[in-house]
Amino acid sequence: MSEKKRLIIIDCNSLIHRAYHALPPLTTKKGELVNAVYGFLLVFFKAIREFQPDFIAACFDFPAPTFRHKKFKEYKAKRPPAPEELYQQIPKVKEILKGFNVPIFEKEGYEADDIIGTVAKSAPKKQILPEIETIILSGDLDTLQLVSPRTKVYFLRKGVKDVILYDQSLVKEKYQGLKSSQLLDFKALKGDPSDNIPGVTGIGEKTAIELIKEFGNLENLYQNLEKKLDKAKKLKPKLRETLSRYKDQAFFSKMLIQIKKDVPIDFNLKKCHWGGYNKQRVTQSLKDLEFYSLIERLPGAKKPEKKELIRKNLKLW
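Conventions and cut-offs
- Residues numbered from 1 in each chain as written.
- Predicted model: local features only at pLDDT ≥ 70, side-chain atom pairs only at ≥ 80, totals over all residues.
- Heavy atoms only, no water.
- Salt bridge = Lys/Arg side-chain N within 4 Å of Asp/Glu carboxyl O.
- Helix = DSSP H or I, 4+ residues; strand = E, 2+ residues; numbered from the N terminus.
- Buried < 20%, exposed > 50% of the residue type's maximum accessible area, 1.4 Å probe, protein only.
- Axes fitted to C-alpha atoms, helices over the stretch in contact; angles between N-to-C directions.
- Parallel < 35°, antiparallel > 145°, perpendicular 65-115°, else oblique.
- Left-handed = near helix turned anticlockwise from the far one by under 90°.
- Contact = heavy atoms within 4.5 Å.
- Nonpolar A, V, L, I, M, F, W, Y, C, P; charged D, E, K, R; others polar.
- Pairing = 2+ DSSP bridges.
- Core = buried A, V, L, I, M, F, W, Y, C linked by side-chain atoms within 4.5 Å.
- Disulfide = S-S within 2.5 Å.

Novice: Just to check I follow, could you spell out the pattern of salt bridges for this structure?
Specialist: Side chains bearing opposite charge may pair, as long as their charged atoms lie close to each other. Within the structure shown, the criterion is met by 19 salt bridges. For the salt bridge of Asp-114 with Arg-68, the shortest nitrogen-to-oxygen distance reads 2.7 Å. A residue pair is termed long-range when its members are at least 10 positions apart, and Asp-114 in helix H6 (residues 112-126) and Arg-68 in helix H3 (residues 67-71) qualify at 46 residues. A relative accessible area of 0% means that Asp-114 is categorised as buried.

Below, the structure written as C-alpha cells:
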C-alpha cells in the first residue's frame, strides 16, 4: 500500500489575526508593521517541517459581506473592526505565498472557512490512491466541525507557538463526548456570542451538550418534542417550552454556523503541489521585510553559523 499523501489547508485570515495580536509590534527600518507576517511565517514553516506536505492551499476571507451577512444583518456585528495595520499586512502574506507557488483561494460572498470546507471535501475525490490526509491550520474553533477520519485541525491555542492537533478523539475529549459532526447542533443550541449567533435563549453549554448527547442532533431533538415521545417527556417542562419557542432561531443558527462545502471555486489539487518554488523571489521578499533569520529556515537553505543566526535574530527585535 502506498504511503498517504498530505494536504495542508491554511486558514490565512485566522492565522494573521492570531499573529498580529500575539507578537510585539515588529517594524522594518521604513517603519512598516510586519509582526503578523512574521508570526504567520513562523506557523507556516513549523507546519511544513512537522507535516512534510505534498500539497498546500491557502484560503482567505473575501473583503465583502458574505451570504451570512445578507441573511442576518447582525452577523458578527458585535466584533470590533480589525486595526488597519493588520489589514495592511495581508497583501504581504499573499505576496510571499505566491513566491512559494502556494495557490490562493477566496470567493466573494463566502468566508475562508467555506473555502476550506470545499477544498477538504474535494481533495479526496481528486486523490483517491494513495489516500490523502488533510491538515487544516487555523486559530478558529469553528473548523473543528470539519474533523473526520481523513481531516485534522492544527489549532493555535495561544499565540503562535502553543498548538494542538485535533483529531476525532481529541474533539470528543474537548466537547465531553460530542463528535465533530455534532458541533453544529451543539452551537445551534448554545449560540456563539463571538459571531453574534443567537442559539436558543437561555440554553448554556452544559444543557446543549446533554441534549445533543441524548438526541444526537437538532432534527431528532425537535422530532421527539413535536411527536411528544417518551425521551422528550423526560425533559423539564420549562426546557421543553424554551426549545419549542426558539425552534426557528435554533435552525437559523445552525444554518449560519454550518461551513459550506460546495463553494464554486476552480480547485485543482495538482496545482497545489508543494515543492518547487522561486527561492530567489522568496529570499528577496524576506530581505525586504528584514526577516533575515527566516531565510535560513527556507527548505534547502544552508544552515548559518550559530553566532551569525543570533546576530540576525536580534535585528528583528
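Once the structure has been displayed, the description carries forward.
Novice: Whenever I open this one, the packing of helix H10 (residues 218-226) against helix H12 (residues 237-245) confuses me. Can you help?
Specialist: Packed helices, taken two at a time, are described by the angle their axes make and the gap between the axes. Relative orientation of the contacting elements H10 and H12 amounts to 115°, with a least axis distance of 11 Å. Regarding the angle of H10 to H12, the classification is roughly perpendicular. The handedness of the crossing between H10 and H12 comes out as left-handed. Taking contact as the criterion, the partners of Leu-221, Tyr-222 and Leu-225 in H10 are, on H12, Arg-240, Leu-243 and Ser-244. Classifying every residue of the contact of H10 with H12 by side-chain character gives four nonpolar, one polar and one charged.

Novice: Can you help me understand the sheet that holds strand E5 (residues 151-158) in this one?
Specialist: Neighbouring strands of a sheet are bound in pairs by backbone hydrogen bonds; such pairs are parallel or else antiparallel. The six strands lie next to each other as E3-E2-E1-E4-E5-E6, forming an open sheet whose pairing is mixed. Each of the sheet's edge strands pairs with one partner strand only, and the pair in question is strand E3 (104-105) and strand E6 (162-166). As defined by bridge partners, E5 adjoins E6 across five bridges and the pair is classed as antiparallel. Bridge pairing in E6 links Lys-158 to Asp-162.

Novice: Teacher, can you tell me more about the nonpolar core here?
Specialist: Buried together is how nonpolar side chains tend to be arranged in soluble globular proteins. Formed by 50 residues in total, the largest nonpolar core has its most connected members in Leu-189, Leu-211, Leu-221 and Leu-243. Take this core: its biggest share by element is six residues, from H6. Once residues within four sequence positions are removed from consideration, Leu-211 is found in contact with Leu-189, Ile-203, Gly-216, Leu-221, Leu-235, Leu-239 and Leu-243. If you look at the next biggest cluster of nonpolar residues, it comprises 49 residues, including Tyr-20, Phe-51, Ile-56 and Leu-294.

Novice: Got a minute to help me understand the pairing of strand E1 (residues 5-11) in this structure?
Specialist: Moving residue by residue along a regular strand, the side chains alternate between the two faces of the sheet. With five of seven residues buried, E1 is to be regarded as a mostly interior element. Bridge count between E1 and strand E4 (residues 132-138): six bridges; the pairing is parallel. Opposite Leu-7, over in E4, you have Thr-134 as the bridge partner. Where E1 and strand E2 (residues 55-59) come together, five bridges link them in parallel fashion. Counterpart to Asp-11 in the pairing with E2 is Cys-59.

Novice: I'm lost on the state of the cysteines in this one. Help?
Specialist: In total, this model carries zero disulfides according to the counting rule given. Looking at the unpaired Cys-59, the closest cysteine sulfur is the one in Cys-12, lying at 6.8 Å. A relative accessible area of 0% means that Cys-59 is categorised as buried. Not engaged in a disulfide, the cysteine Cys-272 finds its nearest cysteine sulfur in Cys-59; these two sulfurs lie 8.7 Å apart. Looking at Cys-272, the relative accessible area reads 1%, which means it is buried.

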